[in-house]
Amino acid sequence: HTQLFSLCYFVLLHRVPLIKGKSARESLEEQGLWNEYKGKFPFNPTRFDDQSLYVSNEQMTNDADLAYFGVISIGTPPQSFTVIFDTGSSNLWIPSVYCSSAACANHKRFNPSLSSTFKNAGKSLSIRYGTGSMTGFEGFDTVVVGGIPVKNQIFGLSQSEAPFMAHMKADGILGLAYPRLAASQATPVFDNMMTQHLVNQDMFSVYLTRNSAVGSMVTFGGVDTNHYSGQIAWIPLSSQMYWQITVDSVTVNGQIVACNGGCQAIVDTGTSNIVGPQADISSMARAVGAHSANGDNVVNCNNINNMPSMVFHIHGQAFTLPASTYVRQSTYYGCRTGLQSSSSDLWILGDIFIRQYYSIFSRAQNMVGLALAR
């Protein structure tokens, strides 16, 4: 009987493979355009500003290092799109045929008139980015994610997009944070999966590969035991909007270097680096031997093996990031740490952290589970 049970359970996990592609930064570096781009679109990792917390504008980040994309389809018959599965936002949106921005011209565009199940929601949508915005309108249609057909899913169809989005590999974004964060009160995809009883458990988990282009995975409905080893540490959320948790401190070589007395952090697949307040990030960079150059915290590539680990202390447990995980190597610009400062007090634990720790997002328990990725 147990064998039969585990087989059934296996079938109920819905996996969406993610491709690790070239990030915008890698493409721009190859073309020799990175410095110009960086000057034009200064990175604004702040996903939030308090004034706009409850209005229907959602900040998203123009993150040039994002590299993981998965495929979904929308409509009947299905039209396919690559999206960033983003636990730091809550809306689903894709480019539409009504958009003539440069960013839409080089991405796939949804044509609602070709879908027999599309309904116009009669509502406009505006999503702000660090350096511009996406504007459009909302519609309802069947969205298929990992083989799961989600009926009457509300989503945004862009009519204009900020210029920097032309450099992004993904067509659009699928937000996996809480409904409170959604622009225009749109119901997030995972909320519909739960209410339509399409998942076995009200949770999803994310596995990101280090180097390999294939193998990364978002699993809806449970946990994939192949992707982690050891115990799962369950951490209660401190707020249910982002996947927000309390970090107790950050240490290097046993000394507290950041987040002294505790800080708030979000676990965010839609940000590539680790982002924190300026003073703390500078202190961490100094502690690991990085120096600031050209807007990056730069290190000597030959030193990686001798650099110390960073340890995030969360809910009584230590989460260690060895130098090999937090140093990014570029073909053109040498080595830099994946540490970035922002003007917010809210920390972001992005892909650098998630590559090391398999991340489980439980809506049933309002907790994040972290386990050593393998």
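Small disclaimer: the values here were computed from a predicted structure and weren't measured.

Caption draft 1: Representation of the layout of surface pockets within the structure. In this structure, the largest pocket occupies an estimated 620 Å³ of space. Lining the largest pocket are 28 residues, and of these K20, E26, N211, R328 and Q329 sit closest to its centre. If you list the elements that add at least two residues to the lining of the largest pocket, you get α2 (24-30), α7 (323-326), β23 (327-330) and α8 (351-356). In terms of residue class, the lining of the largest pocket is made up of 7 nonpolar, 9 polar and 12 charged.

Caption draft 2: Spotlight on the state of the cysteines. All told, the structure shown has 3 disulfides when counted by the stated rule. Across a sulfur-sulfur distance of 2.1 Å, C259 and C263 are joined as a disulfide pair. The disulfide joining C259 to C263 has a torsion of about -105 degrees about its S-S bond and is therefore left-handed. According to the relative accessible area criterion, C259 is buried, its value standing at 2%.

Caption draft 3: Quick peek at the sheet that holds strand β21 (residues 310-314). Strand order in this open sheet of 4 strands is β16-β15-β21-β22, and the pairing throughout is antiparallel. A strand with exactly one partner marks an edge of an open sheet, and here the two such strands are β16 (255-258) and β22 (317-321). Each neighbouring strand pair of the sheet contributes to a mean axis angle of 40 degrees, computed without reference to strand direction. Where strand β15 (residues 249-252) lies against β16, 3 bridges are found, and the strand directions are antiparallel. Within β16, the position partnered with V250 by the bridge is A258. Contacting β15, β16 and β21, helix α6 (residues 278-287) crosses the sheet at an angle of about 135 degrees to β16.

Caption draft 4: Seen up close, empty space enclosed by the protein. Following the criterion strictly, the structure yields 5 cavities of 30 Å³ or more and no others. For the largest cavity, the calculated volume is near 80 Å³. In terms of lining, the largest cavity is formed by L18, L66, A67, Y68, I84, F85, V206, L208, T269 and D351. Of the residues assigned to the lining of the largest cavity, the class counts are 8 nonpolar, 1 polar and 1 charged.

Caption draft 5: Quick peek at the UniProt feature "active site" (unreviewed entry) in the protein chain. Taken from the UniProt record, the annotation "active site" (unreviewed entry) applies to D86 and D268. Spanning 183 residues, the annotated positions come together in the fold, the maximum distance between their C-alpha atoms being 6.8 Å. Mapped onto the fold, D86 is located in strand β4 (residues 79-86). In this structure D86 comes out as buried when scored by relative accessible area, which is 2%.

Caption draft 6: Just the environment of Q231, in detail. Residue placement: Q231 occurs in strand β12 (residues 228-236). On a C-alpha basis, the gap between Q231 and A371 in space is 6.2 Å, while along the polypeptide they are 140 residues apart. Sequence-distant contacts of Q231, defined by excluding residues within four places in its chain, comprise L370 and A371.

Caption draft 7: Main features of the sheet that holds strand β20 (residues 296-299). Spatial strand order, β19-β20-β24-β23: 4 strands in an open sheet with antiparallel pairing. Because the sheet does not close on itself, it has two edges, and the strands there are β19 (291-293) and β23. Sheet twist, expressed as the mean angle between neighbouring strand axes with direction ignored, is 50 degrees. Pairing analysis gives 4 bridges linking β23 to strand β24 (residues 334-337), with the strands arranged antiparallel. The partner of S330 across the bridge, within β24, is G334.

Caption draft 8: Fine view of the nonpolar core. Ranked by internal contacts, the top residues of the largest apolar core, which has 82 residues, are F85, V145, F220, M284, F312 and F353. Look past the residues within four positions of M284 in its chain and what remains in contact with it is V250, V257, A258, M310, F312, L339 and W347. Counting 21 residues, the second-largest nonpolar core is a separate cluster that includes L66, L125, I173 and A183.

What counts and what doesn't
Residues numbered from 1 in each chain as written. Predicted model: local features only at pLDDT ≥ 70, side-chain atom pairs only at ≥ 80, totals over all residues. Heavy atoms only, no water. 1 Å grid on protein atoms, 1.4 Å probe; cavity = no way out; pocket = protein on both sides within 12 Å on 5 of 7 lines; lining within 4 Å. Points joined across faces, edges and corners; volume = space filled by probe spheres on them. Helix = DSSP H or I, 4+ residues; strand = E, 2+ residues; numbered from the N terminus. Nonpolar A, V, L, I, M, F, W, Y, C, P; charged D, E, K, R; others polar. Disulfide = S-S within 2.5 Å. Buried < 20%, exposed > 50% of the residue type's maximum accessible area, 1.4 Å probe, protein only. Pairing = 2+ DSSP bridges. Axes fitted to C-alpha atoms, helices over the stretch in contact; angles between N-to-C directions. Contact = heavy atoms within 4.5 Å. UniProt positions renumbered as here; feature names shortened; annotations may be inferred. Core = buried A, V, L, I, M, F, W, Y, C linked by side-chain atoms within 4.5 Å.

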